[in-house]
Amino acid sequence: MNSQSFDKANLICGILLILAGIFFAYQSIELELGTAFRMGPGYFPFILAMALILFGAIILFQAFRVEGEPIGPIAWRGIIFILAAPIFFGITVRGLGFVPSLFFTGLIAAFASHKMKPLTAVVLAALLTIFSIAVFSYGLGLPFQRFGPWVRF
Amino acid sequence: MDLFNNLLLGFQTAGSIENLFFCLIGVLLGTLIGVLPGIGATATIAMLLPITFQLEPVSSLIMLAGIYYGAQYGGSTTAILINMPGESSSAVTAIDGYQMARKGKAGAALAIAAIGSFFAGTVSTFLVAIFALPLTGIALQFGAAEYFSLMVVGLVSSIALAHGSIIKALAMVALGLLLGLVGTDIYTGAPRFTLGIREYADGLNFVAVAVGVFGIAEILRNLENERTREVLMAKVSGLMPSREDLRAIVAPVLRGTAIGSVLGILPGGGAILASFASYTVEKKVSKHPEEFGHGAVAGVAGPESANNAGAQTSFIPLLTLGIPANPVMALMVGAMIIQGIVPGPNVAAEQPALFWGIIASMWIGNLMLVILNLPLIGLWVKLLTIPYYLLFPIIMAFCSIGVYSVNSNVYDLYAVAFFGLLGYLLLKLRCEPAPLLLGFVLGPLLEENLRRAMILSRGDPSTFVTRPISAGLLFIAVVVLIVVFLPSVRKKREEVFVEED
Amino acid sequence: MISSLIPVLVTGIQSREVLRVKRVFAPQTRRCWIPVTSTGMRRGDNPPYHPWVEIHPSHSGIVPKSTHGALRFEYYHLWSVLEPIASASVSSANEAKQAPEEMCASGFWSLEEEIMKLFNAVLGATALAAVSLASVQVYAQGYPERQITMVVPFAAGGPTDTVARLVAESMSKDLGQQIVVENVGGAGGSLGAGRVAAAEADGYTVLLHHIGMATSATLYRKLAYDTLNAFEYVGLVTDVPMTIVARKDMEANDLKGLVDYAKANADKVTVANAGIGAASHLCGMLFMSAIQTPLVTVPYKGTGPAMTDLLGGQVDIMCDQTTNTTKQIQGGTIKAYAVTSPERLEIFKDLPTVKEAGLESMTVGIWHGIYTPKGTPAEINERLSKSLQGALKDPNITARFAELGTKPSPETDATPAALKAKLESEITRWKPIIEAAGQYAD
């Protein structure tokens, strides 16, 4: 048996779309559906969710008809560090304030690459922070607190 | 001769040393802030808006208009260079512009965008000057049914955005439409798909979605092969477009300008469709549709022109009706009111110097944009030689700032992370983000206008075909559908086993 | 005798650091004043005050609000006093100014020791510092010493934002510090209000909200804050009147005619609004409640598209703020029937009030008020209120407001008490109307 006799990407894609469709459909049913002539908040999304499930099913079906190319490597390290960066910024921007929060955001993102050396990362994050403070905080006067309540003492 | 006198007055106003200076500053600041990744035109204008409050009303608005063009162009630059669109319009530019950049034609792509924008800007400035007043009448004919039909046309055309599987493109549009519906239902106040998070009550932030599915997904893709090979970025070959390129963009620019001008006039958000529509048209009329998505010159020239033309003509509803057509125009209204000018149907008569001054400054702003940016292209392209691992922490930091600055909503930042992941997942599953983004933009408009049309017609669906403009648009949608599907059906018959690529 | 640790809170001049100073005092010390610095007064402070810190053994390190002293110093130049002052009933900085040396007569420590201990304490108390942040002490006399953020719970460029920016600019001049407007839009203004409700009660975060403050208390069944108990009040800003308008070719010629027409065609007449909770939505509900006839409601996302459709004759009636309708009425693109203010407007002398036209219950205005988070010292609210009153007299503001068809609230209304009363009465007024409409936004 050849394990590549189906298209893995389409298989996953189909399943995920169907799951997303079910999620949206389920959520829509909880809203008032109404009728085609007097639509409730759930009507339009419900139709769309059904369409999504249909498309998902077709893609799933196709997955078994065609052999596909492999999915390839996945940037796990990238996912962890890159996606953590905006989340970290969101959690800390009001508490730590703009300056420390941005510095660490840059630093976290920097570690997504294997090539980044720690010292380079710190320097880069520092320069980035200085530039942003100068431009956004002083230059444009955005209402960000430079240092938030967590670091004030 | 009225027109001549009016334009003369406009150029006199906009051409004073002082106003030229503010226009230049506006264009410059707009470009510089807008070019920062993840900071789109809306965020740029919101950030720069307070600067203009201290000026004279006319200077202030001229500067603001300059910021607008600058920000738009800056946004296209980031879209082309690093696949990071900050507006729905530049999302389309990103499709082929970024591919051009990867093939070493970043300079050409930027130059084409600048030239296309300038041409479109010039033409539409005159359109605004000549037709501003009569055109508004037509714009007002557009009710909910017409907008719904228009959105259907946009949706149908969106299929052409895809260069892979049509069914996947459809699925992406559906997903995008659903994501666009996240937030409070305006008809009943019921929160939909917000997972109980109040911060999403007004919907997902467009910038968060666009930056996530385009920019961050691209960063992740570049990171995955880091160990084994360099990021694919061919050597930059020439900064300026070749003669051949220039010849190839004439027709797309003309068509883009026409499409953008027409759609921009509609106050209900027609400009959103401009670049998508132009892309679709270009792909359909092109002799080499297979190039689209892989760095087609027309795929940059058309949408960029359409975008700029739309941006220009979207001033029409603002200037003649006093109605802002998009969030950027709403900011302009705010600026006007703070300056003591309440925009309304009589601005042209009450404040001729202001009205015509702004129109003239549009053209001057566009001219400055070209003069300013053509030499800068070398600099932008140089940015690409920065090692990628140094570039993306910077990108992440700026896009965090940009997304946060729009509404000071930290949940928008979490959305960035989520859509980054989603975008990467879609990329791995060979789904394209552009149809998703179009769906996202159209979703709320489509549903809103559908339901509104039904309310206004007391539940009678024939309203869509009995109203002539609506019927005409639906007819176009059917035609587009046939044109799009016929070749693919034929193709299917020929190559039964190869669905994709 | 050294037996108890008494922390002191001091506030710095620009950076607002909170320093916890561990001091050791004799147990019988109940109250003592420490002159903190001789260089601490900010130049130009008027009247000059003496920088004191009050030590209060009964409170665990946090000087209570009511007794906090005025402190401004640039250098931590401490002189401390050991002697107990049992009888000195010093409760204000002004009294303390009289004779500090006599009250705390002897036992000065060396400056060096003081500074060392101070730094040790600062380093050691980082964890505790986080706790004490909640009670950063700011003295109204010195307020404001840095930029103030005015949260506007709506998008930039809207009418509320415009009011806020105009007022903020004028108040900035009086306060001597910049007031920056931060737009925290979303969920009918309740996100921005929630943000301010949770902000530090130090007077550096204020909220400018409109009537939605009162209506969202009913419209949103799950608010993140308790409307009546989460804020302090500064004052009313302006009361923007509403206008009842209709498409240009509406048959009726006066309000009575419009009401008759609406009643006769109840299933056909459409009323546009800019979304749930918007001024036009509230006024639309009020209109239907006043004429006791439900009409077809057509919601839009924002005033822009609603007005477009009214201009295009796609919808029939709208009731919206003069901010949005004035220019259109003047331009003759829509037809106006009445204003909802108690008196006729300067700009529309011919337009009757709803009262004159027989719908008195429709008298309504989109009032705007400025709030601070609960616990903000009364002195600060008063200070802001005074500044607001000044701003509302600014001829520039009066002129701009007039162009928008509104005028500033009278001085007597730009007070904390007036705003509090307004909010309470408006919550009571709207509750039954919203409940009758049966539409909630949560």
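Residues numbered from 1 in each chain as written. Chains lettered and ligands numbered in written order. Predicted model: local features only at pLDDT ≥ 70, side-chain atom pairs only at ≥ 80, totals over all residues. Heavy atoms only, no water.

Observations regarding the overall build of chain B
Step number 1: The helix and strand tally for chain B stands at 21 helices and two strands.
Step number 2: Looking at the 501 residues of chain B, the share that counts as buried comes to 67%.
Step number 3: Expressed as a percentage of contacts within chain B between residues at least 6 apart in sequence, the contacts between residues at least 24 apart total 79%.
Step number 4: Approximately 16,200 Å² of chain B is accessible, and the part contributed by carbon and sulfur atoms is 68%. (Helix = DSSP H or I, 4+ residues; strand = E, 2+ residues; numbered from the N terminus. Buried < 20%, exposed > 50% of the residue type's maximum accessible area, 1.4 Å probe, protein only. Contact = heavy atoms within 4.5 Å. Areas by Shrake-Rupley, 256 points an atom, 1.4 Å probe, with all protein chains shown as cover.)

Let's talk about helix α9 (residues 206-224) of chain B
Residue and element names in this part refer to chain B.
Step number 1: Taking 1.5 Å per residue as the helical rise, α9 with its 19 residues ought to reach 27 Å, and the 26 Å between its terminal C-alpha atoms agrees with that figure.
Step number 2: Residue Gly-212 marks the point of greatest curvature in α9, where the axis turns by about 40°.
Step number 3: Most of α9 sits inside the fold, with 18 of its 19 residues counted as buried.
Step number 4: Capping of α9 at its N-terminal end is provided by Asn-205; its side-chain oxygen lies 2.8 Å from the backbone amide nitrogen of Val-207. (Expected span 1.5 Å × (residues − 1). Bend = angle between axes of the 7 residues up to and from the residue. Polar contact = N/O pair within 3.5 Å; in protein donor to acceptor, adjacent residues only side chain to side chain.)

A look at the side chain of His-281 of chain C
Residues and elements named next belong to chain C.
Step number 1: Structurally, the position occupied by His-281 is in helix α9 (residues 279-291).
Step number 2: Since its relative accessible area comes to 5%, His-281 is described here as buried.
Step number 3: Looking at His-281, its side chain comes within polar contact range of the main-chain nitrogen of Gly-277, at 2.9 Å.
Step number 4: Those residues within four positions of His-281 in sequence are excluded, and the remaining contacts are Leu-219, Asn-273, Gly-275, Ile-276 and Gln-439.

A few points about the interface of chain B and chain A
Step number 1: With 72 residues of chain B at the interface, the matching set in chain A holds 68 residues.
Step number 2: Between chain B and chain A, roughly 6,000 Å² of surface is buried when both sides are summed, and carbon and sulfur atoms account for 78% of that area.
Step number 3: At the junction of chain B and chain A, the tally comes to zero salt bridges.
Step number 4: When contributions to the side of chain B that touches chain A are tallied by element, the ones reaching two or more residues are α3 (41-52), α8 (166-180), β2 (191-192), α9, α17 (388-407), α18 (410-428) and α19 (433-456) of chain B. (Buried area = accessible area lost by both parts, 1.4 Å probe. Salt bridge = Lys/Arg side-chain N within 4 Å of Asp/Glu carboxyl O.)

Things to note about the pattern of salt bridges
Residues and elements named next belong to chain B.
Step number 1: This structure, assessed with the given rule, holds 24 salt bridges over all chains.
Step number 2: Taking the shortest distance from any N to any O, the salt bridge between Glu-448 and Arg-452 comes out at 2.8 Å. Taken as a pair, Glu-448 and Arg-452 lie in helix α19 at a separation of four residues, close to a single helical turn. For the residue pair Glu-448 and Arg-452, the accessibility class agrees, reading buried in each case.
Step number 3: Linked through salt bridges whose partners overlap, the residues forming this network are Asp-185, Arg-192, Glu-447 and Arg-451.

A look at the environment of Met-362 of chain C
Residue and element names in this part refer to chain C.
Step number 1: Along the chain, Met-362 falls in the loop between β12 (334-339) and β13 (365-373).
Step number 2: Here the alpha-carbon distance between Met-362 and Pro-342, two residues 20 residues apart in the chain, equals 9.8 Å.
Step number 3: For Met-362, the contacting residues outside a window of four places in its chain are Ile-244, Cys-283, Leu-286, Phe-287, Ala-290, Cys-319, Thr-340, Val-354 and Arg-429.

Observations regarding the state of the cysteines
Step number 1: The tally for this structure, following the rule as stated, stands at one disulfide over all chains.
Step number 2: With its sulfur 1.8 Å from that of its partner, Cys-283 of chain C forms a disulfide with Cys-319 of chain C. Taking the sign of the S-S torsion, about 45° here, the bridge from Cys-283 of chain C to Cys-319 of chain C comes out right-handed. Highlighted residues: Cys-283 of chain C in helix α9 and Cys-319 of chain C in strand β11 (residues 317-321), separated in sequence by 36 residues.
Step number 3: As a non-bridged cysteine, Cys-13 of chain A has Cys-431 of chain B as the owner of its nearest cysteine sulfur, 3.4 Å distant.
Step number 4: Given a relative accessible area of 3%, Cys-13 of chain A falls into the buried group.
Step number 5: Judged by relative accessible area, Cys-431 of chain B falls into the buried class, the value being 5%. (Disulfide = S-S within 2.5 Å.)

Re the pairing of β11 of chain C
Residues and elements named next belong to chain C.
Step number 1: Buried residues dominate β11, accounting for five of its five residues.
Step number 2: When strand β8 (residues 231-247) meets β11, the two strands line up antiparallel, connected through five bridges. For Ile-244, the partnering residue across the bridge sits in β11 and is Cys-319.
Step number 3: Where strand β9 (residues 270-273) and β11 come together, two bridges link them in parallel fashion. (Pairing = 2+ DSSP bridges.)

A closer look at a nonpolar patch on the surface
Step number 1: A surface patch of nonpolar side chains, about 470 Å² in accessible area, is lined by Ile-12, Ile-15, Leu-16, Leu-19 and Ile-22 of chain A together with Leu-425 of chain B.
Step number 2: For the nonpolar patch, the element with the highest residue contribution is helix α1 (residues 8-30) of chain A, accounting for five residues.
Step number 3: Mapped onto the secondary structure, Leu-19 of chain A falls in helix α1. (Patch = residues over 30% accessible without salt bridge, like charges linked within 9 Å, V, L, I, M, F, W, Y side chains within 5 Å.)

Details of the side chain of Arg-146 of chain C
Residue and element names in this part refer to chain C.
Step number 1: Inspection of the secondary structure puts Arg-146 in the loop between α4 (126-132) and β5 (148-152).
Step number 2: A residue is classified by how much of its surface remains accessible, and Arg-146, at 17% relative accessible area, is buried.
Step number 3: At a separation of 3.5 Å, a polar atom in the side chain of Arg-146 contacts the side chain of Asp-202.

Some thoughts on the interface of chain C and chain B
Step number 1: At the junction of the two partners, chain C supplies 50 residues and chain B supplies 41 residues.
Step number 2: When the two sides are added together, the surface that chain C and chain B hide from each other amounts to roughly 3,700 Å², 56% of it contributed by carbon and sulfur.
Step number 3: In this structure, Glu-448 of chain B engages Lys-301 of chain C in a salt bridge whose closest nitrogen and oxygen atoms are separated by 3.7 Å.
Step number 4: The interface formed by chain C and chain B holds six residue pairs in polar contact (both at pLDDT 80 or more) in total.
Step number 5: Only α5 (159-175), β6 (179-183), α6 (190-197), β10 (296-299), α10 (303-311), α11 (322-330) and α13 (395-403) of chain C provide two or more residues apiece to the side of chain C that touches chain B.
Step number 6: For the side of chain C that touches chain B, the element with the most residues is α10 of chain C, which contributes five residues.
Step number 7: Here the residues of the side of chain C that touches chain B sort into 20 nonpolar, 18 polar and twelve charged. (Nonpolar A, V, L, I, M, F, W, Y, C, P; charged D, E, K, R; others polar.)

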